[in-house]
Amino acid sequence: MLEINNLHASVDGKQILKGIDLKVSSGEVHAIMGPNGSGKSTLSTVIAGHEDFEIDKGEILFEDEDLIDFNTEERAHKGIFLSFQYPVEIPGVTVTNFIKTSINQMRKANGLDEMPANVMLKKIREKSDLLKIDSKFLSRSLNEGFSGGEKKRNEIFQMAMLEPKLAILDETDSGLDIDALKIVANGVNMLRNDDTAVVLITHYQRLLDYIVPDFVHVLSDGKIVKSGNKNLAIELEAKGYDWVK
Amino acid sequence: MDFKEKLISSFMVFEQDIDLSNPVHEIRSRSLKKFEEKGFPNKKQEAWKYTSLAKILKSDYGIFQKKEVTIELKDVQKYFLYEIDTYKIVFIDGIYSPFLSDTTHDGLDVCLLSAALTNPKYKSLINKYFNKISDKTDSLTLLNTSFSMEGAYIYLPKSVTAEKPIEIMHFSTGKQGDFFLQPRNLIIVEENAEVQILERHQSLSNHRPFTNSVTEIYAKDSSRIDYYKIQNDREEAYLIDNTYISQNTKSNVHVHTFSFGGEITRNNLNFYQNGENCNSTLNGLTIINATQHVDHYTLVSHAQPNCESHQEYKGIFSGKSVGVFNGKILVDKIAQKTNAFQQNNNIVIDDRATINTKPQLEIFADDVKCSHGCTIGQLDEEALFYLRTRGIPINEARGLLTYAFANNVLDSVKIPKLKSRINQIISSKLEIKIRHEL
C-alpha cells in the first residue's frame, strides 16, 4: 500500500529525513519509534503533503502512485489520514459541521453525492458512542479549549468517520491517561482489517500494549536504523534509544 | 464654490421652509456658525489621520430634494428584514415615505423626528433630549445639527417592550444625481423598557450618496437596547455615522456594526455611561475589498463605578481596502471597579490591503480591569494544512477559516432572521461556495 524509497526531505534547507525506506502492506500495523528530533513527525507530515517540506530525493508510493504529484487534500481523497500530534484549534467551526464538510468534500472528490443527513447523523452517533464522546462535545468549536485527551480522541473520531485506507497516528498516545488510551486504542483496532493499514508514531512502548504492531521500526537521525517485531519495542523500552544508535 | 460654502449658503434656503421661532432653530443656527468656523475635518487632525474626506468632498451633491420620488415596494422589499413583523420608518432621498413605512403611536412612538420637532406634544422631550449628548465640537455632527429636520423618532415609555424590531431605512434613488443626506435620529428608551433597532442606508442606483447621519440614544435605568447597523451599501456610497449613547444605571446597550459595503464609511460610536452597573457592548464586523475604506472610531466613557464595556471588532481585508480601528476608553477617577475590554482582530488577505489599529486608554481610577489587544494576520497556515488533510480543498479551507473567523460576531445577534441574513451576506462577500451551517 505504502512504499517509501530512499526518502530525503528538508525544511528551510535543513535536512531531516536522510534516506527512509519503509514498506507497509494492507492489513499491517507498523510502529515507528525513536528519540525526539529523529524525524518521526516530519515523516508523517511529509506523507500528508505539507508544503514547507522539500523532498530532495526518493519517492513515496501510495497504491503504486507517487504522492509527490498530489497535494495534501488529494492525498486525503486517496485515503490517507494523519492524526495530529497537536491538532489545530479552529474557533467558529463545530466538530459536527467540520466532519460533515470533510466527509462531503471527500465524497465530492471521489465523484459521490453528499451523504444524506440521516445517514451522517447515524454514523456520527455510532462512532461517537464507540469512542465514548459526549454529544455536547460535538457541538463545540473544533479543538477549542479541548484538553489534550479530548483533542486526541477527536482525531480518532475523525479517523473513524472518514475510514481511511492508511492512518498515520502521530504521538496519539501523548497526553492520554490510561482509560483514554484504551478507548483510543479500541477505536484504532476497530479500523484494522485486511484492506487498511496503520502507522503508529510513538515515543513510548505503552500504546503498543493496546495496539499490537506487526512491525516496529526505530528512527534515528532521519533514518530507520533497526526494524523488528513487537519485541523490539519492549527491548527498546528496557534498553533506551542509545542502544540502537 | 466648494461644498462647505454651498452648504452655508443653502442654510438660508433651508430657513424658508421651517418655523424660525422654534427653539430648535436657535440650536441649528448656532451649530452652523460653529461648523463654518471649523469646516470639514482633515487628516491633520489626529482623529481623522487615517481617513480623508478629500475624495468625498470633490463631488457636487444635491442638498434639497427637488421633487418627491416614489419607489415600488417590490423593488426594495429585499432590503427589509420582514414584510410585516417590524415597525418601519422609511425615507427616500431624505423624505419620509408613508407608503413604505409602518409607524405607531400605540404604546410606544415610532415616527418622524420632523413631527416630534414641530408638534407641541413632544416639546418637553425635545427640550430635554434633542442635541444634548451629541458632540458640540465635532464638525460633522454640527453640520448635521444645522440642517436637522428629518429622521426617526423612537420613544419607549417606562417598562414597555417593543414587540417587534424597528427598521430605520434610508433609500437613495440617485434620480437627482449625487445627493447629500443628513438623517437625524432621536431614540429615548425609558426605565426598564426594551427595544431592538436596525438601521440601514441603501442606494438604489449608480450614483454617490453622501450620508452624514447623527443618532442620539438615551438608555434610562435598567433599559435594554439592541442596535444593529447594516452597512452593505453599493460600492459608490459614502457614509459618516455619528452615534451618541447615554446610559443610565443598570442599562444594557449593545451595538453591532456590520460594514460590508460602501466606498468610504466612518463610524463614530460614542458611549457615555452616566450611572452605575451599566453594560455597553460594541461588536463590529468589517469585510471589505477593492478600494473600500472603513473606519471605526469608538469611545467608551466610564464616568461611574461598577460598569462594564466590551468591544470586539473583527475585520477581513482584501484588495486594496483600508481598515481603521481607533478605540478610546476613558475611565474617570470615580469609576472604580470598571471592567473595560477591547479587542480588534484582523485578517489581511491581500498584501495591498492596509489596517491601522490603535487602542487609546485613559484611566484615572486605580481599581479597574482594562484590557485591549489587537491582531493583524493572515490565515493560519497550520490550520489550513489541518483542514486539507481532512480532504477540504485549499480554497474551501480558506473560505471556511475566514468564515469561522467572522462568524462568531453573529453569536450575539438576537434576531434569528437577521443572523441568517448577515450570514448570507458574509458567505457571498467571501465568495464561499461550500455549504455551512456553523
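Described in the following lines is the structure provided in the data block. Nothing here was measured: the structure is a model prediction, and the numbers come from that model.

**Brief notes about the side chain of Lys229 of chain B**
All names here are of chain B. Inspection of the secondary structure assignment puts Lys229 in strand 10 (residues 224-231). Of the residues examined, Lys229 reaches a relative accessible area of 3% and is grouped as buried. A polar side-chain atom of Lys229 sits 2.9 Å from a polar atom in the side chain of Thr243. For Lys229, the residues in contact, after removing those within four places along its chain, are Glu199, Asp241, Thr243, Val255, His256, Thr257 and Phe258.

**Concerning the packing of aromatic side chains**
Applying the stated criterion across every chain, the model contains 21 aromatic pairs over all chains. For the ring pair Phe35 of chain B and Phe40 of chain B, a centre distance of 5.3 Å and an interplane angle of 85° mean the geometry is edge-to-face. Here Phe35 of chain B matches Phe40 of chain B in class, with each residue buried. Summarising the aromatic geometry, the rings of Tyr313 of chain B and Phe325 of chain B are spaced 5.0 Å apart at their centres and angled 40° between planes, so their arrangement reads as tilted. A residue pair is termed long-range when its members are at least 10 positions apart, and Tyr313 of chain B in strand 16 (residues 308-317) and Phe325 of chain B in strand 17 (residues 322-331) qualify at 12 residues. No difference in accessibility class separates Tyr313 of chain B from Phe325 of chain B, as the two residues are buried. Over the ring of Phe70 of chain A we find Lys78 of chain A, and its NZ or CZ is 4.0 Å from the ring centre. The positively charged end of Lys314 of chain B is found above the aromatic ring belonging to Phe405 of chain B, 4.6 Å away from the centroid.

**Re the sheet that holds strand 8 (residues 194-203) of chain B**
Residues and elements named next belong to chain B. Within the open sheet, the 10 strands sit side by side as 2-1-5-8-10-12-14-16-18-20. Their pairing is mixed. Where the open sheet ends on each side, the last strands, each with one partner, are strand 2 (95-96) and strand 20 (369-377). Pairing analysis gives 8 bridges linking strand 10 to strand 12 (residues 252-259), with the strands arranged parallel. For Tyr228, the partnering residue across the bridge sits in strand 12 and is His256. The strands touched by helix 9 (residues 394-407) are strand 14 (279-288), strand 16 and strand 18 (339-348); relative to strand 16, the strand with the most contacts, the crossing angle is about 155°. Against the sheet, helix 10 (residues 416-429) makes contact with strand 8, strand 10, strand 12 and strand 14, and its axis sits at roughly 30° relative to strand 14, the strand it touches most.

**Considering the packing of helix 2 (residues 23-38) of chain B against helix 7 (residues 139-146) of chain B**
Residue and element names in this part refer to chain B. One way to put it is that helix 2 packs onto helix 7 with a least axis distance of 8 Å and a crossing angle of 145°. Handedness of the helix 2/helix 7 crossing: left-handed. Here Ile27, Arg28, Ser31, Leu32, Lys34, Phe35 and Lys38 of helix 2 come into contact with helix 7, specifically with Ser139, Leu142, Leu143, Thr145 and Ser146. Among the residues making up the contact of helix 2 with helix 7, the classes are represented as 5 nonpolar, 4 polar and 3 charged.

Thresholds, definitions, all that
- Residues numbered from 1 in each chain as written.
- Chains lettered and ligands numbered in written order.
- Predicted model: local features only at pLDDT ≥ 70, side-chain atom pairs only at ≥ 80, totals over all residues.
- Heavy atoms only, no water.
- Helix = DSSP H or I, 4+ residues; strand = E, 2+ residues; numbered from the N terminus.
- Buried < 20%, exposed > 50% of the residue type's maximum accessible area, 1.4 Å probe, protein only.
- Polar contact = N/O pair within 3.5 Å; in protein donor to acceptor, adjacent residues only side chain to side chain.
- Contact = heavy atoms within 4.5 Å.
- Phe/Tyr/Trp six-rings, centres within 6.5 Å; stacked < 30°, edge-to-face > 60°.
- Lys NZ or Arg CZ within 6 Å of the ring centre and 35° of its normal.
- Pairing = 2+ DSSP bridges.
- Axes fitted to C-alpha atoms, helices over the stretch in contact; angles between N-to-C directions.
- Left-handed = near helix turned anticlockwise from the far one by under 90°.
- Nonpolar A, V, L, I, M, F, W, Y, C, P; charged D, E, K, R; others polar.

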